[in-house]
Structure formats: structure tokens, C-alpha cells
Amino acid sequence: MLSIQNLVVSIGDRRILKGLSLEVGAGEVHAIMGPNGSGKSTLAQVLAGRPEYTIHSGKVLYKGQDLLALPPEERARAGVFLGFQYPVEIPGVNNVYLLKAALNAVRKHRGLAELDAFEFLALVKDKMRLMQIDEAFLSRAVNEGFSGGEKKRNEILQLLVLEPELAILDETDSGLDIDALKVVAHGVNATRRPDRAILLVTHYQRLLEHVVPDRVHVLTDGRIVRSGDRTLALELERQGYDWLRHEGRRA
Amino acid sequence: MNAGLSPFLASVERAQTQAAGALATDAEAQRVRRAARDRFVAAGLPNARDENWKYLILRGLARSEWVLAPSSAAEARAPEGLLTMAGATRLVFVDGRFNARLSSPRMASPVTRIETLTELYARAPELLASAVPVDDRADTRFALLNTAFAMDGASVEIAGGESPLIYLVFIATTGGTSAQATFPRIRIRATRGASSTIVEHHVADGAGSRFVNSLADIEVDDSSRVDLCRLHTLAADARQFDTLRARVGARSTFALHSLMVGGDIVRSDVDVALNGAAAAGQINGLMVTAGTQHHELHAELRHAVPHTTSRTHVRSVVNDSGRSICNSKVIVAPGARGSVSEQNFRNLLLASGAEADTRPQLEINNEDVKCSHGASTGRLDPNMLFYLLSRGIDAAMARGLLTYAFVIDLLKDLPVDELSRTVARRVAGTLPDRDLIKDFI
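All of the points below concern the structure found in this document.

The rules behind each value
Residues numbered from 1 in each chain as written. Chains lettered and ligands numbered in written order. Predicted model: local features only at pLDDT ≥ 70, side-chain atom pairs only at ≥ 80, totals over all residues. Helix = DSSP H or I, 4+ residues; strand = E, 2+ residues; numbered from the N terminus. Rg over C-alpha atoms; globule rule 2.2 N^0.38 Å. Buried ≥ 20, exposed ≤ 12 C-beta atoms within 10 Å, placed from the backbone. Contact = placed C-beta atoms within 7 Å. Axes fitted to C-alpha atoms, helices over the stretch in contact; angles between N-to-C directions. Left-handed = near helix turned anticlockwise from the far one by under 90°. Nonpolar A, V, L, I, M, F, W, Y, C, P; charged D, E, K, R; others polar. Core = buried A, V, L, I, M, F, W, Y, C linked by C-beta atoms within 7 Å. Pairing = 2+ DSSP bridges.

1. Topic: the overall build of chain B
Part 1: Broken down by element type, chain B carries eight helices and 21 strands.
Part 2: Whereas a compact globule of 441 residues would reach a radius of gyration of roughly 22 Å, chain B reaches 21 Å, a difference of no more than 12%.
Part 3: With the C-alpha coordinates of chain B rotated into their principal frame, the extents come out at 70 × 50 × 50 Å.
Part 4: Sorting the 441 residues of chain B into buried and exposed places 51% on the buried side.
Part 5: Within chain B, contacts between residues at least 6 apart in sequence are counted, and of these 82% link residues at least 24 apart.

Structure, rendered in C-alpha cells:
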């Protein structure tokens, strides 16, 4: 599904990813863990197509296709979804309109007819129940005045409605209390399917208690320095990241 | 004719001859008009020394010619783009003359008197003496010209209650080769707990150049509130010079919603004086320009007494080589303690040739006041843009949406929901990429 080979990326003068490689197969859930500043969010943003980053070398193949050659909107239509660490407030643009336009853009790409207003609303309301989002959400502007938890639930709602093939969730667990974390985890688990890959970018392992990953990778200083199964996350929880830091420098 | 006159002042002289027969014959009215005309001519056009006029002088103000619009009542029609608002009393003026056929019946209201200025001055001729509400300063000089040549206008008086929604339409038609000049005029008086929402719409019928010189004279007093929504949707070849004066008394609020979306040049000079305790003034300004369009809003808000508040929010969207200019000055008079004022300006530039000039000014002659101002000029927020793109939204559509959102955020403060929606649709229809975002509007 996703194959990242020797990716080197910088922003401004700062080199952030320094030869990162990663393989994620269909149906798999991978967790990317690492200390602050290790490049986790950069990886997520680069995969979604954020224009501020410079790609120096390396390749990213998504379903065999050169992902980096596509503008961000085409990546989204091709089935790549980024759940933002800091979802953006857009006063004046209604949540539901955005969701509908986004869904129709994706459906058009897949050769499906646009949903009519009733079908769409039924679909959204169904997913809103799952994410425990209040009906008032329908008339609000995108993320405007939302609490941190509401913004994260909104990201997962979009994930549920858009049904991407590759979901990248950037610290979706940060800033959530335990109840909200369970709702978000429940939403993520509901999207697990044999034809869908999920990349969880996270600092802590507590989300991984609820969304159990197939693989865990440790990102330090722009490279993956250790990969393992879910027990690696538990080890990180016990020991912190320091014992792996030197491996990043050495590698 | 004096050969040394600029084409503009020569037009004034010609109009005087032309108007002698056409305008009100009443001797007092003629005296008032002539006095205003003489003051205008004596003061002359603003020149390069008047800082607030430098842009328009460059645009050839003195070289522009115009003629008084002839009466075209018989063939007058309602142009496209008029607002339809349920329950509104509509007064329509065509080239400055009242048109009963295009107007609605006036809603009966025990607290509201809506009439034409002709009717007002017939009923109360003593009011004519105070018909020139301004001084000779460059920024208010065009009010004199309006007084010299206005044919008619609208008068709204509200006392002791809420008026129905009032819709005042000023249609400018076109004629021959010279720009046709019209002189729309409104007068608003609100007192004793009155409240009123008035929509003033300047609109053009047909193509061809025209010169619109408008005046609004407003007094809000004794626990009253007036919301004046001015919608400028003139055609691309029209030039409008506008003057607004508002006097706000005790516990009263005047809110101006100035929405400029049309015209070649639209310039509005707004003067609001907060003269009574706890008086409040609000200016919400929107300028949307494209092509070589040019919009200017000059606002002066004076806190004359203690415990008065003012708020100025202006947004402009500038595309192509358009230009928006906002010059806002808040003056706190000596002794006006406890004054609170907030000024906020945001400009959105959509093209490399676009230009926005913002000049917030504060003149504080006092301590114990709270005054703030902020201004920003820039392009669309890259974070918002990327968020929309990352959801599969087309790039042009995303830009259109964010531009629309920038505008809508200001329009949500309009006093009537139906008006907000109607104006939002009308304004959205002038934005770039409007076809792409029509489902959102």
C-alpha cells in the first residue's frame, strides 16, 4: 500500500527526515512513535502534500504510484487522508458543506455518483452518532470554537465519511481526556479493514492500548531506528526514548 | 464659461444653468442651493495637498465631466439585482427623482414617518435652513455639491418604537456621452427609544458612465438605535462620491454597514460624532474590488463626551489591479474619559497587482481610555488552504471558499438574517471563482 524509500526532507535550512524508509501493507495498522522534534509530524504532512517542505531525495509509492508527484487534493481523492494534529478553524465555511464537497470529490474520483442531500445527511448523522457529536455541529463552521476534543472527533468523523485507503493520524490522541480517547479509538477501530492501511503518529502508547497496531516504529532524528510489534511500544513506555536516541545518531 | 475652470467645475457651472428650471422653485430652497454651490466652487476640488484625496486626483477627478441626468421616469424600470425582503417598505428613486410606480406602498406604522424630501420640506419648510449639514473641509465638500443639485431624497423619522424594515433604492440610469450625474440624499432621525434597520442601495441601470454624489444625514438620540446598511452595487463605469454624517446622542447606537462591491470608483466619507453619554458608533466596512476598481472608505469617529464606545471593522478583498483604501481616525476629545474604541482592518490580496492601503489613526486627548487597533494585509491563510486541499477540494474552489468565508465573517453582523443571506449571495456573486462555490452560498 505505502512504500517509503530513503526519504530526505527539509523545511527552510533544517533537514528533518534524513533517509526514512517504511513499508505499510494493506489491512495493517502501523504506529510511528518518537520524541518531540524527531520528524513524526513532518512525515505525516509530507505524505499529505504540504507545500512548505522540500523533498531532496527518496521515493514514496502509494499503491505503486508516485505519491510525491501528486498535488495534495489529488492525493486526498486517491484515498490518502491526514488527520491533523491541529485541525484548522475556518470561520465562514460550514462543516457539512466541506464534508459534502470532500466526499463528492472523492466519489467522483472513484467513478461514483454524487450523493443527494438526503443520502448524505443520513450518512453523516450515522457517523456522528458513532463519534458522539452533537447535532448542532451541522450548522457550525469548520472547527470554529471547537474544543480540542471536538476538533479531534471531527477529524475522525471526516475519516469515517471519506473512507480513505490510507489514513495518517497525526497525534490524534493528544489533548484528549480518557473518555474522548475511547471515542476516538472506537472510531479508528471502526475503520479497520483488510483493504485499508492506518498510520498512527503518536508520542504516547496509551492510544495503542485501544487501537492495537500490527507494527510499531521508533522515529529518532529523522530515521526509523527500531521496528517491532506492539511490545516495543510498552518498552518505550517503560524506558522512555533516551535509550534509543544514540541509535538515531549512529545509524 | 470661464476658460480656466477644470472640466469638473465647468460641469458644475453648466449644471447650475440647466438646473435653474428643473429644481425646486421655492425661493428659500433656491437660496440654500445657491449658497451650497457657491461654497463648493469657492473651496474648489480637493487637490494634491489634501492627503486623503491623492489617489483620486491621480485618477483624473478634475478632468471628469458630467451633466445633470434628465427625467426618465416614464421608461424607468427596476434593474436586476434589487433585494427582495419580506415586509420591507421600498422607496425607489430614479436619477434622484422619486418613482411611485417602482416603490411599494408605505407600511403603516404609528412610530415611523417615511416620506420624500419634497414631501418633508413642503410639510416643514423651516428644516431647509439646516439642509447643509457639513463644513467646507475637503473630506465633506461633496456634500455641498449634493445640496446644490439634489432633486429629491428619502426622509425617515422614527420615534418611540421599532420601524418596519426600510429599503431605499437609488437607481442611476445612463444617457449620452457625458457621465450622467445624480444626487441621492437621505435624512434619518431616530429618537425616544426608536429602533430601525434601513437598507440603502445604490444600483445602476444599463451601461455607460455616470457620476453619483450621495449624502446621508443622520441623527440618533435618546436611547435609540439605527442600523444603516449601504449596498453599493453600481456598474463598472460608475463613480460615486458619498458623504455621511451621523450625530449620536445619549444611550444611542448608530451602526453603519458599508458594503462596496460595484463601481469604477466608490468613495465614502463617514463622520460619526458620539455626542451623548453612553453613545456608541459602529462601522462595518467591506470593499470587494477587481479589475481597476477603486474603493475608499474614510471614517472619522469622534468621542465627544465620557463613556462612549466605537468599533470599526473593515475588510477588503482586492483582485487584479484593484485598490482599496481605508483611512480611519478615532478622536477622543479632552474630558471624554472612559471612552472605548476598537479598530480592526483586514485586507485580502488575491493578485500581485492588487493594492490595499490602510491607515488607522488614533488621536487621544485624554487619559483613562481604552483604544486598540490592528491591521493585517495578506494572502489567503496557507493553513486553511492546505486543510481544504487535504480533503480533496479543488485548489480554485478552496481559494474561492476562503475568500467567501473572509467576507461572510463580516456579513454575519448584519442586523437582519434575511438581509445577511441576501447580501451574502449578492456579494458572493461578485467574487472570483463564484461559479465554483455556488453550492456553498
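2. A closer look at the packing of helix α3 (residues 95-109) of chain A against helix α5 (residues 148-162) of chain A
A pair of packed helices is captured by two measures, namely the crossing angle of their axes and the spacing between those axes.
Residue and element names in this part refer to chain A.
Part 1: Between α3 and α5, the least distance of the axes is 10 Å, while the angle of their chain directions is 35 degrees. Seen from above, α3 lies across α5 with right-handed handedness. Of the residues in α5, those touching α3 at Leu99, Ala102, Leu103 and Val106 are Gln158, Val161 and Leu162.
Part 2: Taken together, the residues that form the contact of α3 with α5 break down as six nonpolar, one polar and no charged.

3. Here we look at helix α1 (residues 40-48) of chain A
Residues and elements named next belong to chain A.
Part 1: With nine of nine residues buried, α1 is to be regarded as a mostly interior element.
Part 2: Burial in α1 covers these residues: Lys40, Ser41, Thr42, Leu43, Ala44, Gln45, Val46, Leu47 and Ala48.
Part 3: Positioned one or two residues after α1, Gly49 has a phi angle of 100 degrees, which is positive.

4. Considering the nonpolar core
Part 1: Formed by 196 residues in total, the largest nonpolar core has its most connected members in A:Ile168, A:Leu200, B:Leu168 and B:Val407.
Part 2: The leading source of residues in this core is helix α7 (residues 395-411) of chain B, at 11 residues.
Part 3: In contact with A:Ile168, other than residues within four places in its own chain, are A:Ala44, A:Leu47, A:Ala48, A:Phe81, A:Leu82, A:Gly83, A:Leu199 and A:Val201.

5. Digging into the environment of A:Leu169
Residue and element names in this part refer to chain A.
Part 1: Mapped onto the fold, Leu169 is located in strand β9 (residues 166-170).
Part 2: Looking at Leu169, the number of C-beta atoms within 10 Å reads 29, which means it is buried.
Part 3: Between the C-alpha atom of Leu169 and that of Ile90, which follows or precedes it by 79 residues, the distance is 20 Å.

6. Remarks on the sheet that holds strand β21 (residues 370-378) of chain B
Residues and elements named next belong to chain B.
Part 1: Spatial ordering of the open sheet is given by β3-β2-β6-β9-β11-β13-β15-β17-β19-β21, a layout of 10 strands whose pairing is mixed. Both edges of this open sheet fall to β3 (97-98) and β21, since each of them pairs with a single strand only.
Part 2: Sheet analysis places strand β2 (residues 89-94) next to β3, joined by two bridges and oriented antiparallel. The residue bridging Phe93 from the neighbouring strand is Phe98, located in β3.
Part 3: Contacting β15 (280-289), β17 (309-318) and β19 (340-349), α7 runs over the sheet at an angle of about 160 degrees to β17.

7. Section: the sheet that holds strand β4 (residues 54-62) of chain A
All names here are of chain A.
Part 1: Strand order in the open sheet made by the four strands is β2-β1-β4-β5, with antiparallel pairing throughout. With one partner strand each, in any of the chains shown, β2 (14-24) and β5 (65-66) form the two edges of the open sheet.
Part 2: Relative to β5, β4 runs antiparallel, the two sharing two bridges. Along β5, the bridge assignment pairs Leu61 with Asp66.
Part 3: α1 rests against β1 (2-11), β2 and β4 of the sheet, and its axis sits at about 70 degrees to β2.

8. Description of unusual backbone geometry
Part 1: Even without a glycine there, the phi angle at A:Asn6 is positive, about 55 degrees.
Part 2: Turning to its location among the elements, A:Asn6 is positioned in strand β1.
Part 3: Even without being glycine, B:Asp320 reaches a positive phi, approximately 50 degrees.
Part 4: Relative to the elements of secondary structure, B:Asp320 occurs in the loop between β17 and β18 (323-332).
Part 5: Residue classification places B:Asp320 among the partly exposed positions, given that 16 C-beta atoms sit within 10 Å.

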